[in-house]
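Residue strings, one per chain:
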Amino acid sequence: MRIGLIIAGLLFFVNPNINIIDVFPDFIGCLLIYAGIYRLEPVSPSFGAALEPLRRLALVNAVKTASIPVIFIIGSDEKTFLLVFTLGFMLLETIYFISSFRYIADGLSYLGTRLGFSIPKPSGLAVSTLVFAVVRAFLNIMPELVYLTQVYDDAYVESYSLVYYKPVLILVGVFFSLVSGAVWLCLSVSFFRRIGKNTAFMESLQSEVAAIVIPEGEKVRKRFSYARFLIGAGAVFMIDFFTMGTNIMPDFVGAIFLTTAAFVLIPVCGMAKKSVFASSAYIAVSAAAFIASLGCGDISETGAPLYYLIFEAISSAAFILSLGFICRMISKISDAHTGVFAEDGFYHLNTSELRRKNMYRNKMIGCFIGGIAEETVSLLMYAMIDAKAWYWWVINFAVTGVWVLYTIWALGSVYEGICDKYPVKKAI
């Protein structure tokens, strides 16, 4: 357990949120806490249970962070949209936040009892987190609820409303969020520091972790599971969704997911390093294309200028290169880590396994070809779209959507093949 990473992760949860605006995104804190506890999964089932809500919290917050441009584009005109967005993200984040820390507290309580050490009462961490999460959620949604108080008379003239008090409610929410966050942070940091200072407990825990040998197959299965999730999330961000001429699902966010997936697969596939390089280049180029798009105005009305088309063409080439490496990498993994039968003298069974491996390889080829088609249609859309040719966006949306669904399905198929060779052990 890495106490320093956990404490660093806690800092990202303290800052107040204003609707969906999170200055220090929680998903960074989730990743730091995840890195601090994931090695404890083999020694306590509770830590394994804590990792799942942490991953979901990171995903929800990442999507929320990527949605911030929506606030500046249409949020000031559509109050209901802003209220629904804030309420939805707040509920999901609160549920996963409370769940992850409850399991962390359970895991520490179990380890303290199992190893025979007296550690700070973990239930205090769970209770303080519960109180802080509920207070933070209420203070976040409170300013947006004023739009539900608007009352109109028969002439549809506003006769009563608390909307004018929204700035005051925001200030009150920010103040009490900081106060409650500071109290929770002090309690949590004190809790983890006391555990870290218990040298005998930490040494015993380290010995427990070092004594557990994780089979290679289990490592492959878990890493591919994480990578499958990241690649699927990255594919979703390839969908171009425009509001007021701006793509609110920028490609560089998807590139970040693809690069992270490549890092996850480095230990089980040598080609991952090449994929990391290609995906990193794609991040830089797609980010530059997104910045360039901000100066183009509403391209759905005026069309895209030449310099922006050049940026998009380079970005598409980088994406195709990155996707090619990732598909080739997954094909290598499927060749080495799928199938359950390979014995001399059993021709028909061996042939069946070979066909399955070829099927996985063909699915990855289909994913790559689909990516090329998706980027081609996307470039045509940017080149052709204007006020009279809006249907190009519909075509692009449909083609990209089909490709995303196919990619998720193909990755799920490969994962099933890996699970056939390395079954998931059920807890008794």
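Residues numbered from 1 in each chain as written. Predicted model: local features only at pLDDT ≥ 70, side-chain atom pairs only at ≥ 80, totals over all residues. Heavy atoms only, no water.

**Focus: the overall build of the protein**
Argument step 1. Helices and strands together make up the secondary structure of the protein, namely 15 helices and four strands.
Argument step 2. A buried classification covers 47% of the 428 residues belonging to the protein.
Argument step 3. Long-range contacts, defined as pairs at least 24 residues apart, comprise 75% of the intrachain contacts of the protein with a sequence gap of at least 6.
Argument step 4. When the accessible area of the protein is evaluated, it comes to approximately 20,900 Å², of which 69% is carbon and sulfur surface. (Helix = DSSP H or I, 4+ residues; strand = E, 2+ residues; numbered from the N terminus. Buried < 20%, exposed > 50% of the residue type's maximum accessible area, 1.4 Å probe, protein only. Contact = heavy atoms within 4.5 Å. Areas by Shrake-Rupley, 256 points an atom, 1.4 Å probe, with all protein chains shown as cover.)

**Remarks on the pattern of salt bridges**
Pairs can form between side chains of opposite charge whenever their charged atoms are close.
Argument step 1. Under the counting rule described, the total for this entry stands at nine salt bridges.
Argument step 2. Linking D26 and R136 is a salt bridge whose minimum nitrogen-to-oxygen distance equals 3.3 Å. With D26 in helix 2 (residues 26-37) and R136 in helix 6 (residues 122-141), this pair connects stretches of sequence that are 110 residues apart.
Argument step 3. Under the relative-accessibility criterion, R136 is labelled buried at 9%.
Argument step 4. The partner of D335 in a salt bridge is R361, with the nearest N and O atoms 2.7 Å apart. Taken as a pair, D335 in helix 13 (residues 306-337) and R361 in helix 14 (residues 347-384) lie far apart in primary sequence, 26 residues in all. (Salt bridge = Lys/Arg side-chain N within 4 Å of Asp/Glu carboxyl O.)

**Some points on the confidence of the model for the protein**
Argument step 1. Mean pLDDT over the protein: 80, with 82% of residues reaching 70 or higher.
Argument step 2. The least confident element of the protein, judged by mean pLDDT, is strand 2 (residues 158-160) at 48; the most confident is helix 1 (residues 3-10) at 89.
Argument step 3. Low confidence marks residues 343-348, where pLDDT is under 50. Its contacts with residues over four positions away, or in another chain, come to three contacts. (pLDDT = per-residue confidence, 0-100.)

**Some words on the side chain of E93**
Argument step 1. Note that E93 resides in helix 5 (residues 79-115).
Argument step 2. Side-chain polar atoms of E93 contact the side chain of N61, separated by 2.8 Å.
Argument step 3. For E93, the residues in contact, after removing those within four places along its chain, are N17, D26, L57, V60, N61 and K64. (Polar contact = N/O pair within 3.5 Å; in protein donor to acceptor, adjacent residues only side chain to side chain.)

**Topic: helix 10 (residues 251-265)**
Argument step 1. With 15 residues, helix 10 should cover 21 Å at 1.5 Å per step; its first-to-last C-alpha distance of 21 Å lies within 8% of that length.
Argument step 2. Counting buried residues along helix 10, 11 of its 15 residues qualify, which places the element largely inside the surrounding structure.
Argument step 3. D251, V253, G254, A255, F257, L258, T259, A261, A262, V264 and L265 are the residues of helix 10 that are buried. (Expected span 1.5 Å × (residues − 1).)

**Description of the packing of aromatic side chains**
Argument step 1. According to the stated counting rule, one finds 14 aromatic pairs in the structure shown.
Argument step 2. Ring geometry for Y34 versus Y38: centroids 6.3 Å apart, planes at 10°, classification stacked.
Argument step 3. For Y34, a relative accessible area of 17% translates into the label buried.
Argument step 4. Exposure remark for Y38: the relative accessible area of 32% places this residue in the partly exposed category.
Argument step 5. Ring centres 5.2 Å apart and planes at 80° place the aromatic pair F191 and F192 in the edge-to-face group. Here F191 and F192 have matching classes, each one buried.
Argument step 6. An aromatic cluster is built from F13, F97, F101, F132 and W184, whose rings are joined through pairwise contacts.
Argument step 7. Just above the ring of F97 sits the side chain of R136; from NZ or CZ to the centre is 5.5 Å. (Phe/Tyr/Trp six-rings, centres within 6.5 Å; stacked < 30°, edge-to-face > 60°. Lys NZ or Arg CZ within 6 Å of the ring centre and 35° of its normal.)

**Let's talk about the packing of helix 9 (residues 216-236) against helix 10**
Argument step 1. Where helix 9 meets helix 10, the axes come as close as 8 Å, and the angle between the chain directions of the two elements is 165°. By the angle between their axes, helix 9 is roughly antiparallel relative to helix 10. Read as a crossing pair, helix 9 and helix 10 show a hand that is left-handed. Of the residues in helix 10, those touching helix 9 at R223, F224, Y226, A227, L230, I231, A233 and G234 are G254, F257, L258, T260, A261, V264 and L265. (Axes fitted to C-alpha atoms, helices over the stretch in contact; angles between N-to-C directions. Parallel < 35°, antiparallel > 145°, perpendicular 65-115°, else oblique. Left-handed = near helix turned anticlockwise from the far one by under 90°.)

**Regarding the side chain of T338**
Argument step 1. Of note, T338 is situated in the loop between helix 13 and helix 14.
Argument step 2. A distance of 2.3 Å separates the side chain of T338 from the backbone oxygen of S334, its partner in a polar contact.
Argument step 3. The contacts of T338, once residues within four sequence positions are left out, are I333, K357, Y360, V414, G417, I418 and K421.

**What about helix 2?**
Argument step 1. End to end, helix 2 covers 17 Å across 12 residues, agreeing with the expected 16 Å (1.5 Å per residue, within 8%).
Argument step 2. Of the positions making up helix 2, those classed as buried are D26, G29, C30, I33, Y34, G36 and I37. Looking straight down helix 2, one finds its buried side chains confined to an arc of 160°; they lie on one side. (Arc of directions from axis to C-beta.)

**Let's talk about the packing of helix 1 against helix 7 (residues 166-197)**
Each pair of packed helices can be summarised by the angle the axes make with each other and by the distance between the axes.
Argument step 1. Closest axis-to-axis distance for the helix 1/helix 7 pair is 10 Å, and the angle between their directions is 180°. The pairing of helix 1 with helix 7 is recorded here as roughly antiparallel in orientation. Across the interface between the two elements, I3, I6, I7 and L10 of helix 1 pack against W184, L185, S188, V189, F192, R193 and G196 of helix 7.
Argument step 2. Counted by class, the contact of helix 1 with helix 7 contains eight nonpolar, two polar and one charged residues. (Nonpolar A, V, L, I, M, F, W, Y, C, P; charged D, E, K, R; others polar.)

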